[in-house]
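One-letter residues, chain by chain:
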Amino acid sequence: MAAEVAQFTQSVSFDRRLWRHDIVGSLVHADMLYKIGVLSRAERHAIVHGLKTIAGEIEQGKFRWKPALEDVHMNIEAELTRRVPAGAKLHTGRSRNDQVALDARLWLRDEIVLLLGEIADLQRALVSLGERNNDVLIPGYTHLQRAQPVYLAHHLLAYVEMLERDCERLWDCHSRVNVCPLGSGALAGSTLPLDRAFVAKLLGFVDASGRPQLTQNSMDAVSDRDFAVEFCAAAALLAVHLSRLAEDLILWTGAEFNFIKMADACTTGSSLMPQKKNPDVAELARGKTGRVIGNLVALLTLLKGLPMTYNRDLQEDKERLFDTADTVRASARLMATMLRNTKVNKAACAAAASDPALLATDLADYLVKKAMPFRQAHHVVGAVVALAEKLGRPLNRLTFAELQSINKTFGRDALSVFNLKSAMSKRNLTGAPGTREVAKQLARWREQLS
Ligand code: ARG
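Within every chain, residues take consecutive numbers counted from 1 along the sequence as written. For a predicted model such as this one, the threshold for reporting local features is a pLDDT of at least 70, and the threshold for listing and counting side-chain atom pairs is 80 or more; totals across whole chains, interfaces and linings nevertheless cover every residue. Here the side-chain values reflect all heavy atoms present in the structure, with hydrogen atoms and water set aside.

A.B. asks: Would you mind going over the overall build of the protein with me for this structure?
C.D. replies: If you tally the helices and strands in the protein, you get 18 helices and four strands. Here the C-alpha radius of gyration of the protein, 30 Å, is well above what a compact globule of 450 residues would show, namely 22 Å. In terms of overall dimensions, the protein has C-alpha extents of about 100 × 55 × 40 Å along its principal axes. Per-residue burial for the protein yields a buried fraction of 48% across its 450 residues. Contacts between residues were defined by any pair of non-hydrogen atoms, one from each residue, lying within 4.5 Å. Excluding contacts between residues fewer than 6 apart, the proportion of contacts in the protein whose partners are at least 24 apart in sequence is 73%. The helix count covers DSSP runs of H or I at least four residues long, the strand count covers runs of E at least two residues long, and both are numbered beginning at the N terminus. In this description the radius of gyration comes from C-alpha coordinates, and the expected globular size is given by 2.2 Å times residues to the power 0.38. Residue exposure (1.4 Å probe, protein chains only): buried if accessible area is under 20% of the type maximum, exposed if over 50%, otherwise partly exposed.

And the structure:
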């Protein structure tokens, strides 16, 4: 092979991070070959010893990777065979096509578990921040305009819900990653009596009741990268959620909101303006979403025109998959760190939440309770808002006479709707931001995440 062709076609520079899973797969394949009589006891022993020695050397950074040997699979097998003659029997009944599918699935399975751990940790950080500030109210926004008051905890728990759905999607994806393709050969299985179920069980490819999970079509097994697409799709949505959280936090750190302050450990300065404290962690979590979405699109594009079965194009899946996993895991982790280093500026939140205009809907509800149709109540309160604006006074500073001048239905108790505390005690539908409901949700998540 010409040097530049070898350079162009090699994957060992990036797929060597699969080495642990490649070796585990080979150890189990060797066990199976021994079980069906292809390897003698001594041969199996020599292979196992050789693979473990190589694993130790890779671990210590002593293994010499050779780009000329293309990929992680060939590098390890070639070195094993150089040391142990029986290594030449290891590839019996196996192709790199089913081997690489196996390694990718084993790797991704572990990666999903690690990512789920980081997401749970981020959820805990959100719940803690909510608990530490369980009396803090802020305006809730629609169209980025102040709308109605909510507990800060309610806003934070919205992200906990989003992240929970991400976890469900990742677990669902895990169930399809967790299927063993080994034994599919290059595309058409093998004439040898390979024990696929034995391999699957030893590698943990089993369902909840311990039944081995085997791919059911050898052609599909070697050409399928749906599991990678599904992971990248779930990860892209997770990244979008992290990005939205990042955006809220970035807004809140700005002087215009001033709801939160991040510890210096999590902000960076400006090389020019000495006063600056920039929320770079959040900005990068937001910015990295672009490449995670891009990775998903790259994978889908990679697959769309491929004929059956394995095509070398598939080698291009790995960097996209690795980058996605690395990026979302780091983003989730750093977002949690940032939240743990965030203080809430209670005074600024209270000032913003005490805007009586936020309770204009409550005033309409007051009229509804006096039997006025809501559409009319909405109109009447609109007139009240306009009058307050004209007089240059906040909504709760209008007099009884002024309210009456707009509509006779207003009683002397109408202005009591502007008591924020009692307003918050009235929002107790399931999922609403009322005092009792938010406390209940915080307790539920605390329990569920412990
Ligand atoms: N390096 C390849 C990949 O990542 C492994 C399988 C190669 N198979 C082949 N027939 N060249 O997809």
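Resuming the write-up.
A.B. asks: I tried to follow the site of the ligand on my own but got confused; where do I start?
C.D. replies: Residues in contact with the ligand, as listed here, are Ser11, Glu70, Asp71, Arg96, Asn97, Val100, Tyr310, Arg312, Gln315 and Lys318. In protein, a polar contact means a hydrogen-donor-capable atom and an acceptor-capable atom, both N or O and within 3.5 Å, with residues adjacent in sequence counting only if both atoms are side-chain atoms; elsewhere, any N or O pair within 3.5 Å suffices. The separation between a nitrogen atom of the ligand and a polar side-chain atom of Glu70 is 3.4 Å. Values of accessible area rely on a 1.4 Å probe in the Shrake-Rupley scheme; residue burial ignores everything except the protein chains shown. Here the ligand loses 86% of its free accessible area of 340 Å² to cover by the protein chains. In terms of residues, the shell around the ligand owes the most to one element, helix H6 (residues 96-132), which gives three residues. Tallied by class, residues from the shell around the ligand come to two nonpolar, three polar and five charged. If even one non-hydrogen atom of a residue comes within 4 Å of a molecule or strand, that residue is called near it. In this classification, the charged set is Asp, Glu, Lys and Arg, the nonpolar set is Ala, Val, Leu, Ile, Met, Phe, Trp, Tyr, Cys and Pro, and all remaining amino acids, among them Gly, are polar.

A.B. asks: Before we go on, may I ask you to explain H6 in this structure?
C.D. replies: The periodicity of an α-helix, 3.6 residues per turn, causes residues three or four places apart in sequence to face the same way. Compared with the 54 Å implied by 1.5 Å per residue over 37 residues, the 53 Å span of H6 between its first and last C-alpha is a close match. Among the 37 residues of H6, 27 are classified as buried, and the element is accordingly described as predominantly covered. A helix is expected to reach a length of 1.5 Å times the quantity of its residues less one.

A.B. asks: Help me understand the pairing of strand S1 (residues 137-142) in this model?
C.D. replies: Within a regular strand, the side chains alternate between the two sheet faces. Here, a strand pair is defined by DSSP locating no fewer than two bridges between the strands. Relative to strand S2 (residues 145-151), S1 runs antiparallel, the two sharing six bridges. Within the sheet, the bridge partner assigned to Tyr141 lies in S2 and is Arg146.

A.B. asks: I'm lost on helix H18 (residues 435-448) in this one. Help?
C.D. replies: In this model H18 runs 20 Å from its N-terminal to its C-terminal C-alpha over 14 residues, within 8% of the 20 Å that 1.5 Å per residue would give. Among all positions of H18, only Glu437, Val438, Gln441, Leu442 and Trp445 are buried. Here the buried residues of H18 occupy an arc of 135° about the axis, which is enough to place them on one side. In H18, those exposed residues whose orientation departs by more than 90 degrees from the buried face are Arg436, Lys440 and Glu447. If you follow the buried residues of H18, they end up packed against H6, S2 and helix H7 (152-177). Here the arc refers to the set of directions running from the helix axis out to each C-beta atom.

A.B. asks: Sorry if this is basic, but what is going on with the side chain of Thr309 here?
C.D. replies: Positionally, Thr309 belongs in the loop between helix H11 (280-304) and helix H12 (317-340). Those residues in contact with Thr309, other than ones at most four positions away along the chain, are Ala186, Leu187, Met219, Val222, Ser223 and Leu314.

A.B. asks: I tried to follow the packing of aromatic side chains on my own but got confused; where do I start?
C.D. replies: To describe a pair of aromatic rings, you give the distance between the ring centres and the angle between the ring planes. By convention, a stacked pair of Phe, Tyr or Trp rings (six-membered ring in the case of Trp) has centres within 6.5 Å and planes under 30 degrees apart, an edge-to-face pair has planes over 60 apart, and any other such pair is tilted. Taken as a whole and assessed by the stated rule, the structure comprises six aromatic pairs. Ring centres of Trp252 and Phe259 lie 6.1 Å apart, and the angle between their planes is 50°; this geometry places the pair in the tilted category. By the burial criterion, Trp252 is buried, and Phe259 matches it. When the ring of Phe257 is compared with that of Phe259, the centres are 5.4 Å apart and the planes differ by 90°; the resulting orientation is edge-to-face. Phe259 carries the same exposure label as Phe257, and that label is buried. Chaining the aromatic ring pairs together yields one cluster made of Tyr141, Trp252, Phe257 and Phe259. A ring is scored as having a charge over it whenever the NZ atom of a lysine or the CZ atom of an arginine sits within 6 Å of its centre and within 35 degrees of its normal. The lysine or arginine in question, Arg17, covers the ring of Phe322, its NZ or CZ lying 4.6 Å from the ring centre. Above the ring of Phe205, the side-chain terminus of Arg109 is found at 4.6 Å from the ring centroid.

A.B. asks: I would appreciate a short explanation of the packing of H6 against helix H10 (residues 226-253) in the present structure.
C.D. replies: Packed helices, taken two at a time, are described by the angle between their axes plus the distance between the axes. Axis lines are fitted to C-alpha atoms, over the contacting stretch for helices. Their N-to-C directions set the angle, which ranges from 0 to 180 degrees. Here H6 crosses H10 at 20°, and the two axes come no closer than 11 Å. In terms of orientation, H6 lies roughly parallel with respect to H10. Crossing hand, H6 versus H10: left-handed. Counted together, Ala101, Ala104, Arg105, Leu108, Ile112, Leu115, Ile119, Leu122 and Leu126 of H6 and Phe227, Ala228, Phe231, Leu238, Leu242 and Leu245 of H10 form the full contact between these two elements. Note on angle classes: values under 35 degrees are labelled roughly parallel, values over 145 roughly antiparallel, values of 65 to 115 roughly perpendicular, and the remainder oblique. Each helix crossing is assigned a hand: it is left-handed if the near helix lies turned anticlockwise from the far helix by less than a right angle, otherwise right-handed if that turn is clockwise.

A.B. asks: Can you help me understand the pattern of salt bridges in this one?
C.D. replies: Once the charged atoms of two side chains with opposite charge are near each other, the side chains can pair. Here, a salt bridge means any side-chain nitrogen of Lys or Arg that lies within 4 Å of a carboxyl oxygen of Asp or Glu. Here the structure, examined in full by the defined rule, presents 32 salt bridges. Ionic pairing is found between Arg446 and Glu131, a salt bridge with its closest N-O pair at 2.5 Å. You can see Arg446 sitting in helix H18 and its partner Glu131 sitting in helix H6, a full 315 residues away along the chain. Here Arg446 falls in the partly exposed class, since its relative accessible area comes to 37%. For Glu131, a relative accessible area of 28% translates into the label partly exposed. For Asp317, the salt bridge goes to Arg225, with nearest N and O atoms at 2.8 Å.

A.B. asks: Looking at this structure, how should I read the environment of Leu106?
C.D. replies: In this fold, Leu106 is placed in helix H6. Spatially, the C-alpha atom of Leu106 lies 43 Å from that of Ser270, the residues being 164 residues apart in sequence. For Leu106, the residues in contact, after removing those within four places along its chain, are His21, Leu203 and Phe205.

A.B. asks: Which parts of the structure should I look at to understand the state of the cysteines?
C.D. replies: Working definition: the covalent bond between the sulfur atoms of two cysteines is a disulfide. When the sulfur atoms of two cysteines come within 2.5 Å, that pair is taken as a disulfide. All told, the structure shown has zero disulfides when counted by the stated rule. No disulfide involves Cys167; its sulfur sits 12 Å from that of Cys173, the nearest cysteine. Accessibility expressed as a relative area gives 10% for Cys167, which makes it buried. Of all cysteine sulfurs in the structure, the one in Cys349 sits closest to Cys266, which takes part in no disulfide; the separation is 19 Å. Overall, the relative accessible area of 8% leaves Cys266 in the buried class.

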